[in-house]
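# Survey of secondary and tertiary structure
These are the residues of each chain, in order.
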Amino acid sequence: MHVEVTPLPGIGTRQDFQTRSGRRIGIVSYRDGRHELIVSKTDDPDACVASIPLVPEEISTLASLLGAPQLVNHLERQHAEVSGISTAQLPITPGSRFDGGTLGDTELRTRTGVSVVAVMRAAAAHPSPTPDFRFVGGDLLVVVGTPDGISKAAERLDRG
(Lines give C-alpha, C1' and ligand atoms only; values in the text may rest on other atoms or scores of the structure.)
Protein backbone atom coordinates (compact mmCIF):
# COMPACT_ATOMS: atom_id res chain seq x y z
CA MET A 1 0.00 0.00 0.00
CA HIS A 2 1.39 3.38 -0.99
CA VAL A 3 1.22 6.12 1.67
CA GLU A 4 1.45 9.66 0.38
CA VAL A 5 3.02 12.30 2.61
CA THR A 6 1.96 15.83 1.72
CA PRO A 7 3.54 18.85 3.43
CA LEU A 8 0.92 21.40 4.48
CA PRO A 9 2.92 24.67 4.73
CA GLY A 10 2.31 26.42 8.02
CA ILE A 11 0.02 23.59 9.18
CA GLY A 12 1.89 20.28 9.33
CA THR A 13 1.66 17.13 7.18
CA ARG A 14 -1.00 14.90 5.71
CA GLN A 15 -0.31 11.17 5.42
CA ASP A 16 -2.91 9.14 3.57
CA PHE A 17 -3.57 6.22 1.24
CA GLN A 18 -6.25 5.30 -1.27
CA THR A 19 -8.63 2.44 -0.48
CA ARG A 20 -10.07 0.07 -3.09
CA SER A 21 -13.30 2.06 -3.01
CA GLY A 22 -11.42 5.20 -4.09
CA ARG A 23 -11.56 7.02 -0.76
CA ARG A 24 -8.44 8.42 0.83
CA ILE A 25 -7.94 7.75 4.54
CA GLY A 26 -5.25 9.42 6.55
CA ILE A 27 -3.98 11.56 9.37
CA VAL A 28 -3.27 15.27 9.43
CA SER A 29 -0.51 15.98 11.95
CA TYR A 30 -0.50 19.63 12.95
CA ARG A 31 2.64 21.49 13.98
CA ASP A 32 1.12 22.17 17.42
CA GLY A 33 0.81 18.41 18.12
CA ARG A 34 -2.86 17.95 17.24
CA HIS A 35 -3.98 15.10 14.94
CA GLU A 36 -7.08 14.47 12.83
CA LEU A 37 -8.30 11.30 11.19
CA ILE A 38 -9.58 12.21 7.72
CA VAL A 39 -11.74 10.36 5.20
CA SER A 40 -12.25 11.78 1.70
CA LYS A 41 -15.21 11.71 -0.60
CA THR A 42 -15.03 8.98 -3.25
CA ASP A 43 -15.36 11.45 -6.11
CA ASP A 44 -13.04 14.14 -4.68
CA PRO A 45 -9.93 13.05 -2.75
CA ASP A 46 -9.33 16.63 -1.54
CA ALA A 47 -12.78 16.96 0.07
CA CYS A 48 -13.40 15.30 3.43
CA VAL A 49 -16.60 13.58 4.50
CA ALA A 50 -15.13 13.14 7.99
CA SER A 51 -12.47 14.94 9.96
CA ILE A 52 -12.16 13.57 13.48
CA PRO A 53 -9.83 15.18 16.04
CA LEU A 54 -7.91 12.57 18.06
CA VAL A 55 -6.01 12.90 21.33
CA PRO A 56 -2.87 10.76 21.84
CA GLU A 57 -4.75 8.07 23.81
CA GLU A 58 -7.30 7.74 20.98
CA ILE A 59 -4.54 7.47 18.39
CA SER A 60 -2.91 4.75 20.47
CA THR A 61 -6.17 2.84 20.82
CA LEU A 62 -6.99 3.12 17.12
CA ALA A 63 -3.50 1.98 16.14
CA SER A 64 -3.75 -0.99 18.48
CA LEU A 65 -7.17 -1.92 17.13
CA LEU A 66 -5.86 -1.85 13.58
CA GLY A 67 -2.35 -3.24 14.12
CA ALA A 68 -2.81 -6.04 16.62
CA PRO A 69 -5.35 -8.05 14.59
CA GLN A 70 -2.96 -8.10 11.62
CA LEU A 71 -0.15 -9.46 13.78
CA VAL A 72 -2.45 -12.03 15.41
CA ASN A 73 -3.73 -13.18 11.98
CA HIS A 74 -0.16 -13.60 10.77
CA LEU A 75 0.79 -15.65 13.83
CA GLU A 76 -2.37 -17.76 13.56
CA ARG A 77 -1.51 -18.63 9.94
CA GLN A 78 1.98 -19.65 11.04
CA HIS A 79 0.60 -21.85 13.84
CA ALA A 80 -2.28 -23.29 11.81
CA GLU A 81 -0.62 -26.68 11.48
CA VAL A 82 0.54 -26.86 15.10
CA SER A 83 -2.11 -28.63 17.16
CA GLY A 84 -3.01 -27.10 20.52
CA ILE A 85 -1.36 -23.70 19.95
CA SER A 86 -3.46 -20.54 19.90
CA THR A 87 -2.75 -16.84 19.53
CA ALA A 88 -4.71 -14.04 21.19
CA GLN A 89 -4.66 -10.37 22.13
CA LEU A 90 -4.91 -9.51 25.81
CA PRO A 91 -5.30 -5.91 27.01
CA ILE A 92 -3.60 -4.07 29.82
CA THR A 93 -6.53 -2.15 31.25
CA PRO A 94 -5.73 1.46 32.22
CA GLY A 95 -5.53 1.69 36.01
CA SER A 96 -5.19 -2.07 36.46
CA ARG A 97 -2.59 -3.72 38.66
CA PHE A 98 -0.22 -4.19 35.70
CA ASP A 99 -0.61 -0.66 34.23
CA GLY A 100 2.91 0.68 34.84
CA GLY A 101 4.21 -2.76 35.81
CA THR A 102 6.65 -4.95 33.92
CA LEU A 103 6.15 -8.14 31.94
CA GLY A 104 8.08 -9.93 34.70
CA ASP A 105 5.56 -8.66 37.28
CA THR A 106 2.77 -10.56 35.49
CA GLU A 107 4.53 -13.94 35.81
CA LEU A 108 2.48 -15.02 32.77
CA ARG A 109 4.99 -17.55 31.47
CA THR A 110 5.54 -19.12 34.91
CA ARG A 111 1.89 -19.19 36.01
CA THR A 112 0.11 -19.88 32.69
CA GLY A 113 2.69 -21.19 30.21
CA VAL A 114 1.75 -18.37 27.82
CA SER A 115 4.44 -16.42 25.95
CA VAL A 116 4.10 -12.72 25.15
CA VAL A 117 5.47 -12.42 21.62
CA ALA A 118 4.74 -8.71 21.13
CA VAL A 119 3.16 -5.68 22.71
CA MET A 120 1.12 -3.32 20.53
CA ARG A 121 1.30 0.30 21.68
CA ALA A 122 0.13 3.28 19.67
CA ALA A 123 1.32 2.76 16.12
CA ALA A 124 4.17 0.46 17.10
CA ALA A 125 4.71 -3.21 17.73
CA HIS A 126 7.29 -4.12 20.36
CA PRO A 127 8.35 -7.69 19.46
CA SER A 128 9.83 -10.13 21.97
CA PRO A 129 9.53 -7.92 25.06
CA THR A 130 11.98 -8.66 27.86
CA PRO A 131 10.89 -9.19 31.49
CA ASP A 132 11.69 -5.53 32.28
CA PHE A 133 9.38 -4.22 29.52
CA ARG A 134 7.05 -1.72 31.26
CA PHE A 135 3.37 -1.72 30.32
CA VAL A 136 1.11 1.27 29.78
CA GLY A 137 -2.67 1.11 30.09
CA GLY A 138 -4.13 0.40 26.64
CA ASP A 139 -1.29 -1.89 25.56
CA LEU A 140 -2.36 -5.07 23.77
CA LEU A 141 -0.28 -8.15 24.48
CA VAL A 142 -0.01 -10.63 21.63
CA VAL A 143 0.31 -14.02 23.28
CA VAL A 144 0.88 -17.61 22.17
CA GLY A 145 -0.05 -20.68 24.20
CA THR A 146 -2.64 -23.34 24.80
CA PRO A 147 -6.29 -22.25 24.89
CA ASP A 148 -6.37 -23.05 28.62
CA GLY A 149 -3.17 -21.09 29.25
CA ILE A 150 -4.51 -18.08 27.32
CA SER A 151 -7.71 -18.19 29.37
CA LYS A 152 -5.67 -18.23 32.60
CA ALA A 153 -3.46 -15.39 31.33
CA ALA A 154 -6.53 -13.27 30.51
CA GLU A 155 -7.87 -13.89 34.01
CA ARG A 156 -4.51 -13.04 35.59
CA LEU A 157 -4.26 -9.75 33.69
CA ASP A 158 -7.87 -8.93 34.55
CA ARG A 159 -7.85 -9.89 38.23
CA GLY A 160 -4.16 -9.77 39.15
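Notes on the structure in this doc start here. (Residues numbered from 1 in each chain as written. Predicted model: local features only at pLDDT ≥ 70, side-chain atom pairs only at ≥ 80, totals over all residues. Heavy atoms only, no water.)

## Quick word on unusual backbone geometry
Not every positive phi belongs to a glycine, and Glu107 is a case in point at roughly 55°. Tracing the backbone through its elements, the reader meets Glu107 in the loop between α2 (103-106) and α3 (108-112). Positive phi outside glycine occurs at Ser128, with the angle close to 45°. Relative to the elements of secondary structure, Ser128 occurs in the loop between β8 (124-127) and β9 (140-145). Since its relative accessible area comes to 58%, Ser128 is described here as exposed. (Helix = DSSP H or I, 4+ residues; strand = E, 2+ residues; numbered from the N terminus. Buried < 20%, exposed > 50% of the residue type's maximum accessible area, 1.4 Å probe, protein only.)

## Brief notes about the pattern of salt bridges
Applying the stated criterion across every chain, the model contains 9 salt bridges. A salt bridge links Arg24 to Glu4; the nearest nitrogen and oxygen atoms lie 3.3 Å apart. With Arg24 in strand β3 (residues 24-30) and Glu4 in strand β1 (residues 4-8), this pair connects stretches of sequence that are 20 residues apart. Of the residues examined, Glu4 reaches a relative accessible area of 34% and is grouped as partly exposed. Between Glu107 and Arg111 there is a salt bridge whose closest N-O contact spans 2.7 Å. Overlapping salt bridges bring together Glu4, Arg14, Asp16 and Arg24 as one network. (Salt bridge = Lys/Arg side-chain N within 4 Å of Asp/Glu carboxyl O.)

## Examining the sheet that holds strand β4 (residues 35-40)
In any sheet, the strands associate via hydrogen bonds between backbone groups, in a parallel or an antiparallel arrangement. Ordered by their spatial adjacency, 5 strands build an open sheet running β1-β2-β3-β4-β5, and the pairing between neighbours is antiparallel. The open sheet has two edge strands with one neighbour each: β1 and β5 (48-54). On average, each strand axis in the sheet is tilted by 20° relative to the strand beside it, whichever way the strands run. Sheet topology places strand β2 (residues 12-18) next to β3; 7 bridges connect them, and they run antiparallel. Among the inter-strand pairings, Arg14 is bridged to a residue of β3, identified as Val28. (Pairing = 2+ DSSP bridges. Axes fitted to C-alpha atoms, helices over the stretch in contact; angles between N-to-C directions.)

Everything listed is a geometric property; what it means functionally is a separate question.
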